[in-house]
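Geometric and topological summary
Residues per chain are reported as follows:
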Amino acid sequence: MQRNRPPSAQAISVLRALAADPLSWRYGYDLGTEVGLKSGSLYPILVRLADRGLLEATWDRGPDGRPPRHLYRLSTAGLQYLAALPATRPARTAPNPRPRPSEA
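Residues numbered from 1 in each chain as written. Predicted model: local features only at pLDDT ≥ 70, side-chain atom pairs only at ≥ 80, totals over all residues. Heavy atoms only, no water.

Brief notes about the nonpolar core
The test is simple: Here, the term nonpolar core denotes a set of buried Ala, Val, Leu, Ile, Met, Phe, Trp, Tyr and Cys residues that are joined through side-chain atoms within 4.5 Å. Under the scheme applied here, a residue whose accessible area is under 20% of the maximum for its type counts as buried, over 50% as exposed, and between as partly exposed, the area being computed with a 1.4 Å probe on protein chains only. Secondary structure is summarised from DSSP: a helix means a run of H or I of at least four residues, a strand means a run of E of at least two, and numbering begins at the N terminus for each. We call two residues contacting when some pair of their heavy atoms lies within 4.5 Å.
Of all hydrophobic cores here, the largest spans 17 residues; its most connected members are V14, L15, L46, L49 and L55. Those elements giving two or more residues to this core turn out to be helix 1 (9-19), helix 3 (39-51) and strand 3 (69-74). In terms of residues, this core owes the most to one element, helix 1, which gives 6 residues. Among residues more than four places away in sequence, those in contact with L49 are A11, V14, L15, L54 and L55.

Here you go:
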């Protein structure tokens, strides 16, 4: 079952980083460094965005003796999705804190 919730703020930051040069292929490591995400957060985001068709992914054969690495870039659908987003996302408001019990 696929969820249809909107991408998170972190996913939007990845899309915007890729939109800076939408025709260039980028390594996940470089994207993570640019947007400040660790691999445990970044790679699931990249997989979800690719599954939604917002990113294209391909394998890059590394130099001899190095394993292949994934490369990512925005798809046409990803560019259209970003174009439809507002320039800034509204800030999430924190829930009201619980009132403290009065100390007597």
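This is not the end of the story, as more comes after the structure.
Side note on the confidence of the model for the chain
Definition in use: Residue-level confidence of the predictor is summarised by pLDDT, bounded by 0 at the bottom and 100 at the top.
Of all residues in the chain, 79% have pLDDT values of 70 or greater, and the mean over the chain is 84. Between residues 90-94, whose pLDDT stays under 50, and residues either more than four places distant or in other chains, the model counts 0 contacts.

Quick notes on the pattern of salt bridges
The condition is simple: Whenever a carboxyl oxygen of Asp or Glu lies within 4 Å of a side-chain nitrogen of Lys or Arg, that contact is scored as a salt bridge.
The final tally for this structure, using the stated rule, is 2 salt bridges. Salt-bridge contacts for R73 lead to E56; the nearest nitrogen and oxygen are separated by 2.8 Å. Highlighted residues: R73 in strand 3 and E56 in strand 2 (residues 55-60), separated in sequence by 17 residues. For R73, a relative accessible area of 22% puts it in the partly exposed group. Of the residues examined, E56 reaches a relative accessible area of 30% and is grouped as partly exposed.

Details of the sheet that holds strand 3
Using the following cut-off: Each pair of strands is called paired provided DSSP finds at least two bridges between the two strands.
Taking strand neighbours across the sheet as the criterion, the 3 strands line up as 1-3-2 in an open arrangement whose pairing is antiparallel. The sheet is open, and its two edges are formed by strand 1 (26-27) and strand 2, each paired on a single side. Pairing of strand 2 with strand 3 involves 6 bridges; the strand directions are antiparallel. Looking at strand 3, one finds that T58 is bridged to L71.

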